[in-house]
Structures are given as C-alpha cells and as structure tokens.
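Architecture and fold: a report
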Amino acid sequence: MLFEVNSVQLSWTALVAWAVLAAAAHAQDAEAGRKKAEACVACHGPNGNSPHPQFPILAGQTARYIYLQLRDFKEGRRMEPQKELLHQKFSREDLFDLGAFFAAQKLRSTPFKPDPVKAERGKKKSEETLCTMCHLGGFMGQNEIPRVAGQHYDYIVKQLRDFKALKRTNDAGNMAAVAKTLSDRDIDDLGHYLAGLY
Amino acid sequence: MNKKPRHIIRGLALVAGVAWGLSTTAADVPKAISVSQDMLTKAGGQGTNWLHTNGSYDQARFYPGNQINAQNVKNLRPVFVVQTEVVESMETAPIVVDGVMYLTTSYNHVYAVDAATGKEFWHYKHKMGPVTTFCCGPNNRGVAISGGRLFMGTLDAKLVALDAKTGKLLWEQQIADPEKGYSETMAPTVVDNKVLIGTNGGEYGVRGFVKAFNADDGKLLWTFYTIPEKGHEGVWAVNDATGRNMKRDIAAEKAALAKDSSFYQTLGGGVWMNPAVDLKARTVWFVVGNPSPDLYGAERPGDNLYTNSIVAIDLDKGTYKCHFQYIAHDVWDLDAVSPPILVDVNDKAGKTIPGVIHGGKTGHIYVHDRKDCSLVRFSEAMIPQENMWVLPTAQGARMLPGANGGVEWSPMAVNAKLRLAYALNLHQPMTYHVEAAKYPGGKLWLGGAFKAIPGEKQWGRVAAVNIDTGKIAWKYDTEQPLIGGGLATAGNLFFFGEGNGLFKALDAANGKLLWQFQCGAGANAMPVSYMVGKKQYVAMGCGGNTQLDFKRGNSVFVFALP
C-alpha cells in the first residue's frame, strides 16, 4: 500500500502548508509559461490576444489544444512557415506551461464587425453540421477541441479552407471531412458567426 | 532502508496524497460505512441500499420496492436538491448505503451527503494531471463501493480509492497513459476485492482492455485486452448480427492485412460502461466499443475483434471465454456500449435459459445464451433504420440510425415479471463522411465526420421490448433524443429523464405517462432508488449532457411521497 495512514502523525498545519505549496506549484506552471510566451508576443500579441487577424488568438484557448498543436508543430504534423524553428526548442514541460498560461488569459474582442445576415446563416450551418457536438455550445471548446468563439475571422476562414484543401492535415480527417461539405459561402458565413461570439 | 527514512517517505506520500486529492469539506460521515461482499452479491434483492451503478451484478436496474407505485406516483415531490459546484454534463448513478449517498460530477468530484436530507458531509476533488483526453464531455458515471472504500476512475486515467467515511484519498493507480488517449468516465465494478474497470479511447486509437485491481492497494491483478495481438481479423464476416450485408471488400482487406497487421495497438475497442458479473459462473460480461479510426476502415482490415462485441471472460484470471460480434469492421461508430444485463430468457424452443441482453446503437436489443455467447434473437428495430449498411463517402452517405444510436451508453432496465426490457433510444438522421487519416498520436481520430441532416427532425423513444419474443410491447416518444439511464421498479414504474429537463415516470406495463418533474437542466444521468427508514426515495442527476448539448446544470434531485 502506498499510503499508510497509521504509520505517521501529521498536523493539519502540515496538510494546509502542503496544499498551499501544491497550489503554488500549479500557479508556477502558468507563470513559467508567461516567460516562455514572450517569444510568442510578436505574432500572438500580449497575453495571447493577437492583433494580427492571420495569427490566432490564444488567450482563453484550452490548454490541451495549445499543447497538442505545439506538439504537432514540433513533431511535424502541422506546418506553418513561421513555426518551423520556433517550436523545436521547447520541451514537453514548456508546452504544458505555455498551454496553461494562454488558457488562463482573457480573450478580448477584436475590431471585426460581423455581418448579421451572414452570421445568422453561419449559425444555422453550424447547427446542421453538428459543430457543437465537439466544440460545445457557444463554441467554447473542450479539452483538445479548440475554442473558436471570438477568434479572428481571417484565421477561421483560412483554417477551414486549409482543412478542405488538405493543406492542414493534423486533424485526423475529422475537420477535413466536415470542411469538404462546406461551400466558400458557408465558410465565410461561419467566419462571421464564430468571430462574433464572445 | 532504515525505519526513519521510510516513515518520512510514507509521511510525504500521505501528505501528497491528501494534497493531490483535495477533500474540501472536513466533516466525516457520522457512522461507520462497511459494505460486505454478501451485500454486494445480494444487492438486487433488497430495497434499502443502491450499491451498484446498475443496481446489482445483473445490471437490471430494477428496484424491488413498491412504496412509490403506479397508483401514487402522481404525488411524488422533491425532498431536497444537492447542488454541486460543477455545472457540467452529469451522468452519475449515486451509490447509497445506510442512508449515505455518494455522487460524482464531471471532472471527478465526489460528494458524500445524507440521503434523506441532502446535508453534505464531504466533497472530494480529484487533482487532475496535465493530460486528460475525452471525446464527449468530462463525464463521470459514479463510484463503486466495497468495504469502507469508494473507487473512481478519472479523466487522467487513474483509479483512486477513497475512505468512504472521510473522503480522504487512500491510494491511486495509473491505469494507462492519457497521452495516448486513455481516460476513464465509467464507474468501476467491485467484486471479490477486485476492482474491474475498462477504458475510454475508441476515438483515439487506444488498445482497449478490462483490468482488475486489488481493492486493498491498487495492484494490477490481470488485464484482458479487447484487441488480441493475433486473430483480430476474425472470420471475415460478410453480414451483421441480423443478417444484413455490410458491403465489405474482403479481398482488398485481406491484401491490406497481408501487408501490415501491426495496428492492433491502435485498433480501439474501449470498454466504458460497467460489466455484469455472473458470480455462479465466475464470468464477467461486457460490451466492447468501436474500432479506431471510427469511419476510415482502410487503416484496419479484418473483423477488428473484439470491437462491437459482447465478450465473456473469467472473473478470476481475466481469460477469454466467448464473444459475439454484432458488426464486423464497423465504419459507422454503431458500436456496443449500453451495459449488458443478465436475465433468464426463453430460448428459441421456449425453454428458460440464463441469458444476457444488450441494447445496441443499431436500435436492436440482442438476446444471448450465456452458455456460449450465441445469439438467441434480436428485437424489432426500436427506431427507424434506412440504407444499412451504406459505406461512408467523402461527401456523406445518409443512413439511419445516426452514429449515436439507437441506444447510446444509456443503461437499460428490466422488469423480469413483465418480461420487458426498457431502452432509451435516439433518432438523429445523419450522413457519414469518410476521410483518410493516419494515427495522429493520441488525438481524436475519427477518420471522417458525422453530420446531422438539415430539416430532419430528431427525437427520442422509450421502447419496452419483450425479451422472450423480441417484439415491442409499447413505445413512448419524446421531443428530443434520449440519453441517460432508466430505472424499473416493483411499483410498476419506469423512470427516465429527457434533455429538456423533464424527469418522468411511466406505467411499466403500457408506457402511459404518470408523473413528471421539470429539473431545470437536462435529466441525463442515471436514476436510482433506495430507502432511509421507512421512506422510499428516487434520485436523479440533472446536469445536462455534453454530447447532445443539453442544458447544463449541477444538481441531483431527490424525490419521495409526502
């Protein structure tokens, strides 16, 4: 048995102290991530709120998704010219820390103004496509499934087009299969709908 | 190692254990909790406690008390509500022993409350590791109990043992590597001091299993892999269990297998609902989920045994006894999930035999002979079927049922006196889309997608099926697809919940609606019943459902007669 309750005497003070330490250790992961994320600011903005529509907002993204995408960049499953060198130097722990840091940041709204007609069409398309079965209601994401709510329009549209054209292939066929059923107008509509969700 | 350092290590381990699994409420349960094997064995025949996820080792979800019955259920009222701190999908089946209820939430919280008043004793939060993998919500379906311990599987693929009185962590054991897609949402089953548990991961390229751990210390006793290293290609079945052709290209599959048969490590086959246990025969019965990837079959030629099968193994050694596969080489995710139920049935000649039944995502209830797993009969289709088995295409092929079923994980209930099995069904018209996809390293691996068909209505259906004939005795349709557990009682009632928040009681004999209560969030957990003193209670978790995106909540409602 790993834990022998009767073999030691422990005070509540010790327990509380350890709990505080454990909590602090958890906080340090995100804090360590903050330092490591300094390399990301140029593209992804301060605290992961990218000011550049072609680069994704990472603030408020799920930690697991960020970790897995960084892992895929590192292992060559996902390719972007800007990332090729950057991710090789990060360790597995670094990737966890970066995920923890960005997940803890607050997503801020973008200047993008969705077209209400397109956004409504996009909402209907998302419902018939069962997007929320994975991305959850409100497109807030879960674990390895990314939050898309409030993401840059340009980035959303590019990803859907890339999935459709098999330019992005680290989705194990899931998003490619979905995107192949979407027209250019559908993708535009979804971009308007999703970018307008906060 | 001398004595002093060992004590220090043990001390650190203890403190770490407490800190890593935080019990946030300090109050102990004010009585000794002890559940013997005899109590667990006889659980289905008594009405005081609810000791197993599905009521007994038979898993009939039948409560033998009748204080609440078809005549008086109209007077059923809420007694109290347990509000947890987790507003998320709720699938728990509370365990009740000697007036104490143990319930779980998403993200592996456990609450111990007074089962008659709702007073909270303690609240345990599992300290989650950095990697969790789950396709369909951070669910948990409850604890198992034995002796004075509770057992729970976690999203980071651990098995934890808690002190039922204090909520303190006793030990934890890593079941499998979550980085590779393994995780736990099912409640374990404890029998003869063995903690039985399977795994999620059919959508992630795991190699499924059922494992047995020693309840005292978490030591692994045996493992049964649901994917054999050799022979998973099976018999190259052309038809499904009902005799319909599955349109396989057997020659192409054989050629592919000759080139590469090494994929057994990523072939899927999760087991994520409780097994039934036949103590007399020392046999564990469970159903095995889909192969990986779900829709793209070219990666995995052969029957993909034992995916989509009911399987029997030896309780003491974990060795194979028999199996029956429903769909070989599944490319629709219409796998076997709803937990099997042990019940005597009539064979084809009308002779009573020990049977085992399973409600399939195909919409059939399958009835087997426990002697050899053979199929005795399958029921009428409980929901519409169309175009089976059209192969998925890039642009999508329409087929009914949709990928959620039929009967999803939802446990059925059986009223053996009425000879009826009650199944909660979904009707979700979908198109099936395939896309080539290599193993993505422990990430979601569908190899395609499922899409709802615009303009086609989705709905649910309770179907009561005669297990001796396979005929549907009655149907009760609902406005939304059904997911969650059912509960049959000796009061001639069938309880179940809906995604719109309604928790309902039907007349078990004819399906007439007798009572309903609006819980305010999806009633998608598993109802249970028990007694404290002389009063019968019914409990139901109402926290909604991630997979079908039903309204989330955080409550367990408990009802009784005034």
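Just so you know, these numbers come straight off a predicted model, no measurement behind them. (Residues numbered from 1 in each chain as written. Chains lettered and ligands numbered in written order. Predicted model: local features only at pLDDT ≥ 70, side-chain atom pairs only at ≥ 80, totals over all residues. Heavy atoms only, no water.)

1. Quick look at the state of the cysteines
The final tally for this structure, using the stated rule, is 2 disulfides over all chains. One disulfide bridge connects B:Cys322 with B:Cys373, the sulfur atoms lying 2.0 Å from each other. One quick way to see it: the torsion about the S-S bond of B:Cys322 and B:Cys373 is about 70°, and its sign makes the bridge right-handed. Here B:Cys373 lies in the loop between β22 (365–369) and β23 (375–378) and B:Cys322 lies in strand β19 (residues 320–325), a separation of 51 residues in the sequence. Residue B:Cys322 is classed as buried on the basis of its relative accessible area of 9%. Since its relative accessible area comes to 1%, B:Cys373 is described here as buried. The connectivity of the disulfide-linked cysteines in chain B, indexed sequentially, is 1-2, 3-4. Between A:Cys40, a free cysteine, and A:Cys43, which holds the nearest cysteine sulfur, the sulfur-to-sulfur gap is 8.7 Å. A:Cys131 carries a free sulfur, and the closest cysteine sulfur to it, the one in A:Cys134, is 8.9 Å from it. Its relative accessible area of 15% is what places A:Cys131 among the buried residues. (Disulfide = S-S within 2.5 Å. Helix = DSSP H or I, 4+ residues; strand = E, 2+ residues; numbered from the N terminus. Buried < 20%, exposed > 50% of the residue type's maximum accessible area, 1.4 Å probe, protein only.)

2. Some thoughts on the pairing of strand β34 (residues 513–518) of chain B
In this structure, strand β33 (residues 502–507) of chain B lies alongside β34(B), joined through 5 bridges in antiparallel fashion. For B:Leu506, the partnering residue across the bridge sits in β34(B) and is B:Leu513. (Pairing = 2+ DSSP bridges.)

3. Some points on the sheet that holds strand β12 (residues 189–191) of chain B
All names here are of chain B. One open sheet accounts for 4 strands, arranged β12-β13-β14-β15; its pairing is antiparallel. With partners counted over all chains shown, the strands left at the sheet margins are β12 and β15 (220–225), one partner each. Each strand of the sheet is rotated relative to its neighbour by a mean of 20°, with strand direction disregarded. Where strand β14 (residues 209–214) meets β15, 5 bridges bridge the pair, whose relative direction is antiparallel. Across the sheet, residue phenylalanine 209 finds its bridge partner in β15, namely tyrosine 225. (Axes fitted to C-alpha atoms, helices over the stretch in contact; angles between N-to-C directions.)

4. A short note on helix α3 (residues 63–75) of chain A
Residue and element names in this part refer to chain A. Here α3 spans 18 Å end to end across 13 residues, near enough to the 18 Å set by a 1.5 Å rise per residue. Burial within α3 is extensive, with 10 of its 13 residues counted as buried. On its buried face, α3 sits against α4 (92–103). Looking at the residues trailing α3, positive phi occurs at glycine 76, about 85°. (Expected span 1.5 Å × (residues − 1). Contact = heavy atoms within 4.5 Å.)

5. Quick look at the pattern of salt bridges
Throughout the structure, instances matching the rule amount to 42 salt bridges over all chains. One salt bridge connects A:Lys180 with B:Glu435, and the closest N-O pair in it is separated by 2.9 Å. Of this pair, A:Lys180 sits in the loop between α8 (174–179) and α9 (184–195) while B:Glu435 sits in the loop between β27 (430–434) and β28 (448–452), on two different chains. What makes A:Lys180 partly exposed here is its relative accessible area of 23%. By relative accessible area, which is 7% here, B:Glu435 ends up buried. Two residues, B:Asp303 and B:Arg248, come together in a salt bridge whose shortest N-O distance is 2.6 Å. In this pair, B:Asp303 sits in the loop between β17 (283–287) and β18 (309–314) while B:Arg248 sits in the loop between β15 and α3 (250–259), placing the two residues 55 residues apart along the sequence. One salt-bridge network, held together by shared partners, links A:Asp72, A:Glu75, A:Arg77 and B:Lys443. (Salt bridge = Lys/Arg side-chain N within 4 Å of Asp/Glu carboxyl O.)

6. Section: unusual backbone geometry
At the junction of B:Ser292 and B:Pro293, the peptide bond is cis and its omega measures out at -10° in the coordinates. Summarising the element assignment, B:Pro293 is placed in the loop between β17 and β18. Note the cis peptide between B:Leu400 and B:Pro401, where omega equals 5°. One can find B:Pro401 in the loop between β24 (397–399) and β25 (413–415). Non-glycine residue A:Leu166 carries a positive phi angle of around 60°. When you line up the elements, A:Leu166 lands in the loop between α7 (153–164) and α8. A residue is classified by how much of its surface remains accessible, and A:Leu166, at 42% relative accessible area, is partly exposed. Unusually for a residue other than glycine, B:Asn108 sits at a positive phi of about 60°. One can find B:Asn108 in the loop between β5 (100–104) and β6 (109–114).

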